[in-house]
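# Inside the fold
Below are the chains, spelled out letter by letter.
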Amino acid sequence: MKKAIAMRYNSEKENAPRIVAKGQGVTAENIIKIAELHNLPIKKDEDLVELLSKVELDREIPEKLYAAVAEVFSFIYNITNPR
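Residues numbered from 1 in each chain as written. Predicted model: local features only at pLDDT ≥ 70, side-chain atom pairs only at ≥ 80, totals over all residues. Heavy atoms only, no water.

## Quick look at the overall build of the protein chain
Check the secondary structure of the protein chain and you find three helices and two strands. Secondary structure elements of the protein chain occur, N-terminal to C-terminal, as β-β-α-α-α. Relative to the globule expectation of 12 Å for 83 residues, the C-alpha radius of gyration of the protein chain, 12 Å, shows essentially globular dimensions. The principal-axis extent of the C-alpha atoms belonging to the protein chain is close to 30 × 30 × 25 Å. Residues counted as buried form 23% of the 83 residues belonging to the protein chain. Restricting the contact set of the protein chain to residue pairs at least 6 apart, pairs at least 24 apart contribute 58%. Accessible surface, the protein chain as shown: approximately 6,300 Å² in total, 50% of it carbon and sulfur. Across the protein chain, the centroid of the 13 positively charged side chains sits 2 Å from that of the 13 negatively charged ones. (Helix = DSSP H or I, 4+ residues; strand = E, 2+ residues; numbered from the N terminus. Rg over C-alpha atoms; globule rule 2.2 N^0.38 Å. Buried < 20%, exposed > 50% of the residue type's maximum accessible area, 1.4 Å probe, protein only. Contact = heavy atoms within 4.5 Å. Areas by Shrake-Rupley, 256 points an atom, 1.4 Å probe, with all protein chains shown as cover. Lys, Arg positive; Asp, Glu negative; His and termini not counted. Charge placed at Lys NZ, Arg CZ, Asp CG, Glu CD.)

## Notes on the pattern of salt bridges
In this structure the tally under the stated criterion is six salt bridges. Here E50 ties to K3 by a salt bridge, and the two come within 2.7 Å at their closest N and O atoms. Of this pair, E50 sits in helix α2 (residues 46-52) while K3 sits in strand β1 (residues 3-8); the two residues are 47 residues apart in sequence, bridging distant segments of the chain. In this structure E50 comes out as partly exposed when scored by relative accessible area, which is 32%. Note on K3: relative accessible area 32%, which makes it partly exposed. Residues participating in the shared-partner salt-bridge network are R8, E14, R18, D58 and E60. (Salt bridge = Lys/Arg side-chain N within 4 Å of Asp/Glu carboxyl O.)

Quick look at the structure:
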């Protein structure tokens with residue numbers, strides 16, 4: 001079953017990225033459609049989605065997931081700021 005997580009990070013207001021949406025099945029498909037409609041980058045990482053799905057909505061990610069999430073933000077930076 002398809003799963004999706006949406007994160008937000010505002011370095012001026014938050015200490016870490018925050019889970020703003022999560023779901024599976026139809027909900028996951030809707031999260032992905034909304035991201036696509038707004039031209040938001042999408043990274044497929046099933047293992048990370050599994051870990052992040054355990055974080056409650058509107059909560060900052062736990063410190064133990066910082067390195068994995070940093071890779072996602074690096075990916076996003078690289079595709080939105082081509083060299």
